[in-house]
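Spelled out from the first residue to the last, the chains are:
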Amino acid sequence: MKLLLNGALIDAQVATLADLIEIEGFGGAKVATAVNGTFIPALARVDHILSVGDAVEVLAPMQGG
């Protein structure tokens, strides 16, 4: 299915947000996720079904001061 991941068009064979996070290499990282501008908590990713054309943002926390 075609998705936007962090602004880049990708073609991924996934069903859920958790699947996408895993195949894109973010599986072990502490990240924040949003789909179509809506925050998706980590525990909800396994149940969040993706649809063709969804815009997914995966953000890593930044440190600094």
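Here's what I pulled together on the structure shown here.

Conventions adopted
Residues numbered from 1 in each chain as written. Predicted model: local features only at pLDDT ≥ 70, side-chain atom pairs only at ≥ 80, totals over all residues. Heavy atoms only, no water. Helix = DSSP H or I, 4+ residues; strand = E, 2+ residues; numbered from the N terminus. Rg over C-alpha atoms; globule rule 2.2 N^0.38 Å. Buried < 20%, exposed > 50% of the residue type's maximum accessible area, 1.4 Å probe, protein only. Contact = heavy atoms within 4.5 Å. Areas by Shrake-Rupley, 256 points an atom, 1.4 Å probe, with all protein chains shown as cover. Pairing = 2+ DSSP bridges. Axes fitted to C-alpha atoms, helices over the stretch in contact; angles between N-to-C directions.

Digging into the overall build of the protein chain
Regarding its fold elements, the protein chain presents 1 helix and 5 strands. Counting from the amino terminus, helix and strand elements in the protein chain follow one another as β-β-α-β-β-β. In summary, the protein chain has a C-alpha radius of gyration of 11 Å against a globular reference of 11 Å for 65 residues, a match within 12%. Buried residues in the protein chain amount to 29% of all 65 residues. The contacts of the protein chain with a sequence gap of at least 6 include a subset with a gap of at least 24, amounting to 52%. Of the roughly 4200 Å² of accessible surface on the protein chain, 60% is carried by carbon and sulfur atoms.

A few points about the pairing of strand S2 (residues 8-11)
As defined by bridge partners, strand S1 (residues 2-5) adjoins S2 across 4 bridges and the pair is classed as antiparallel. Residue pairing for S2: Lys-2 is matched across the bridge by Asp-11. Hairpin connection, S1 to S2: the antiparallel pair is bridged by 2 residues, and Asn-6 has positive phi, about 50°.

A closer look at the sheet that holds strand S3 (residues 32-35)
Read from one edge of the open sheet, 5 strands run S2-S1-S5-S3-S4, paired in mixed fashion. On the outer flanks of this sheet lie S2 and strand S4 (38-40), each paired with one strand and no other. When strand polarity is set aside, the average angle formed by the axes of neighbouring strands in this sheet is 35°. Where S1 meets strand S5 (residues 55-59), 2 bridges bridge the pair, whose relative direction is parallel. Across the sheet, the residue bridging to Leu-4 is Ala-55, located in S5.

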